[in-house]
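# Descriptive structure summary
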Amino acid sequence: MTSAAERRLGDRIARELYRDPDFVDDPILSNYIQSIWQPLLMAARQRGELTPELEERFAWRIVLGRDRSVNAFALPGGYLGVHLGLMAVVSSRDELASVLGHELSHVTQRHIARLMSKNSQQTPWMIGAMILGALAASKNANTGNALIVGGQALSAQAQLNFSRDMEREADRIGFGVMTQAGFEAQGFVTMFDKLQQASRLNDSGAYPYLRSHPLTTERIADMQSRVSLGSTHTLSTTPTLAHAMLTARARVLSNPGLDAMQNWQTLAQDAAFSQKPQAEQAGILYGAAMSASRMREPAKARTQFAQLQKITASDASAQQQTRWLGVEIGLLARDLSRPQVLALGETIGLEASQPQPTLRPDLLLQAQVAMQSGQAQALDSVAQRLQTWLVDAPLDALAWQWLGSVYAAQNQPLRALRAEAEARIAQLDYAGAIDRLKAAQERLQNVTSTSANHIEASIIDTRKRQIEALVKAQSAEK
């Protein structure tokens, strides 16, 4: 299978993942994952594992899923899936880096394409359908069985499972990538222990392609020997304040039920709370404040947030996470007066004198603050910042969505429709993008002709032709 064909297959699968109601684009968790993912990509590039041709052709995108199982998986074409359940159990950046490094190595070594090439009786599109069936089966066995039909399909699914040799290769190369990226090697071994425990607790025996890979004592022993030879440091088993807070965030997002959110309040009010380690206290207070805010209990959320501020006062990274949570709590309250909303904007640097934000959570929180304030100056400022951001990140669907909302608030319907179309394109929903662009063309017929509208019409026509050509080419390949 060529890299181009593998990418097309990956796009097809990813398109369905983006449509899944359990798909999550949480800027704060995504920012944390990217802070680990980007150094791994750089290390793979430096080691020669990630070739220029593969880097250009593949997506290299991570898709978060609201699934409580401890799992991550590689898909064709450079897409990786990470379950929030995994984020909720890792104790350090190093453990998460070990998982991402392993899955990255499956992709750089073309394991998926090599396995698919062996199965010459099945077309890539049929294999893609079986992978989607496995995804569905991880949530609902009946749905999965409906999608994976017949003994032949089950046989082909079995052939997709990574072989032991490929698992060992991904371990070895992933270990080298993560250590060269600056992460502690011991994270690989401690993560193996967590995966083995999760496998014993959660393994249903169904569709191993999307389960945590089965671990053998041989693989664990191999990693332990590599750690003893290649590392002189001991990995701390105590998470940092920021990591404990992000772990709590993953738990809240993966289990948003009322009982689970109330349980956070119980933990925060427990008599033994003050005796817990500081990182654990920070995680509990973060989860409790976030849960209280989502249960529309702003007073309780602010009280717990104030406690969290005291704990994180001396840790810059934890302070940043606390600041973002404080803005979210203020926005969710929705009972704030306009001056108070603008005060939140000052907290994240929305004033016109502040420079372009370099972190995605800051930018997207600024957009929400500007929308809630409704002030023309704030909307103008955030629209310019979103435009600047999207020049370098044209596939940021959530940024396009917020830009579309800002344009609509500014009474710029053509730009709003085009931004909505770009958001659909970023998530590979080409039919939806064409629909939005057609709506923009229809609106153009009823507006006064100006130079600005003429430019916008030209952009809309060009993008529509580009997407229609792409859809036509994909249909021809099938």
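These numbers were taken from a predicted model, which means no experiment stands behind them. Every chain is numbered independently, its residues counted from 1 as its sequence is written. The predicted origin of the model limits local features to residues at a pLDDT of at least 70 and limits the giving and counting of side-chain atom pairs to 80 or more, whereas totals for whole chains, interfaces and linings rest on all residues. To obtain the side-chain values, all non-hydrogen atoms of the structure were used and water was disregarded.

## A look at helix 21 (residues 397-409)
Under the 1.5 Å per step criterion, the end-to-end length of helix 21 is 19 Å for 13 residues, consistent within 8% with the ideal 18 Å. Only protein chains enter the accessibility calculation, which uses a 1.4 Å probe; a residue whose area is less than 20% of its type maximum is buried, one above 50% is exposed, and one in between is partly exposed. Put simply, DSSP H or I for four residues or longer makes a helix, DSSP E for two residues or longer makes a strand, and each gets a number counted from the N terminus. All buried positions along helix 21 are accounted for by Ala-397, Leu-398, Ala-399, Trp-400, Leu-403, Gly-404, Val-406 and Tyr-407. Residues of helix 21 that are buried make contact with helix 2 (27-47), helix 19 (360-373), helix 20 (376-392) and helix 22 (413-426). Where helix 21 terminates, the next one or two residues include Asn-411, which has phi positive at roughly 60 degrees. Given a helix with a known number of residues, its expected span is that number minus one, times 1.5 Å. Whether two residues are in contact is decided by their heavy atoms: any pair within 4.5 Å suffices.

## A closer look at empty space enclosed by the protein
With a 1 Å grid spanning the protein atoms alone, the term cavity applies to any set of points in which a 1.4 Å probe fits but cannot get out, the term pocket to an open set with protein on both sides within 12 Å along at least five of seven lines, and the term lining residue to any residue with an atom within 4 Å of a point. Grid points are joined across faces, edges and corners, and a volume is the space filled by probe spheres set on the points. A complete count under the given rule lists two cavities of 30 Å³ or more for this structure. What the second largest cavity holds in volume is close to 40 Å³. Around the second largest cavity, the lining residues are Met-290, Ser-293, Arg-294, Leu-325, Glu-328, Ile-329 and Leu-332. Contributions of two or more residues to the lining of the second largest cavity are made by helix 15 (278-294) and helix 17 (316-333). Here the element with the most residues in the lining of the second largest cavity is helix 17; it accounts for four residues. Partitioning the lining of the second largest cavity into residue classes produces four nonpolar, one polar and two charged. Under this grouping Gly is polar, as are all residues other than the nonpolar Ala, Val, Leu, Ile, Met, Phe, Trp, Tyr, Cys and Pro and the charged Asp, Glu, Lys and Arg.

## Let's talk about the layout of surface pockets
Where empty space is left can be seen by rolling a probe of water-molecule size over the atoms. Taken as a whole, the largest pocket spans an internal volume of roughly 920 Å³. Around the largest pocket sit 31 residues that line it, and Gln-34, Arg-61, Arg-360, Leu-395 and Asp-396 are the ones nearest its centre. Put simply, the parts of the chain that give the lining of the largest pocket at least two residues each are strand 1 (23-24), helix 2, strand 2 (61-65) and helix 20. Looking at the lining of the largest pocket, the element that brings in the most residues is helix 2, giving eight residues. A class-by-class count of the residues in the lining of the largest pocket yields 18 nonpolar, six polar and seven charged. One number sums up the size of the second largest pocket: a volume of about 590 Å³. Arg-294, Glu-328, Leu-332, Gln-368 and Trp-402 are, among the 22 residues lining the second largest pocket, the residues nearest its centre. For the lining of the second largest pocket, the secondary structure elements donating two or more residues are helix 2, helix 13 (241-254), helix 17, helix 19 and helix 21.

## Some points on the packing of aromatic side chains
Stacked, edge-to-face and tilted are the three classes for Phe, Tyr and Trp ring pairs, Trp counted by its six-membered ring, which pair at centre distances within 6.5 Å; planes under 30 degrees apart are stacked, over 60 edge-to-face, the rest tilted. Overall, the coordinates contain four aromatic pairs when judged by the stated rule. Between the aromatic rings of Tyr-18 and Phe-23, the centroid separation amounts to 5.1 Å while the plane-to-plane angle is 90 degrees, which identifies the pairing as edge-to-face. A residue is classified by how much of its surface remains accessible, and Tyr-18, at 10% relative accessible area, is buried. Exposure remark for Phe-23: the relative accessible area of 19% places this residue in the buried category.

## Quick look at helix 10 (residues 164-180)
Look at helix 10: 24 Å from first C-alpha to last across 17 residues, which is about the 24 Å you get at 1.5 Å a residue. Every buried residue of helix 10 is accounted for by Met-166, Glu-167, Glu-169, Ala-170, Asp-171, Ile-173, Gly-174, Phe-175, Gly-176, Val-177 and Met-178. A positive phi of about 100 degrees marks Gly-182, the residue just after helix 10.

## Notes on the side chain of Ser-254
Relative to the elements of secondary structure, Ser-254 occurs in helix 13. Setting aside chain neighbours within four positions, we find Ser-254 in contact with Arg-66, Arg-68 and Leu-84.

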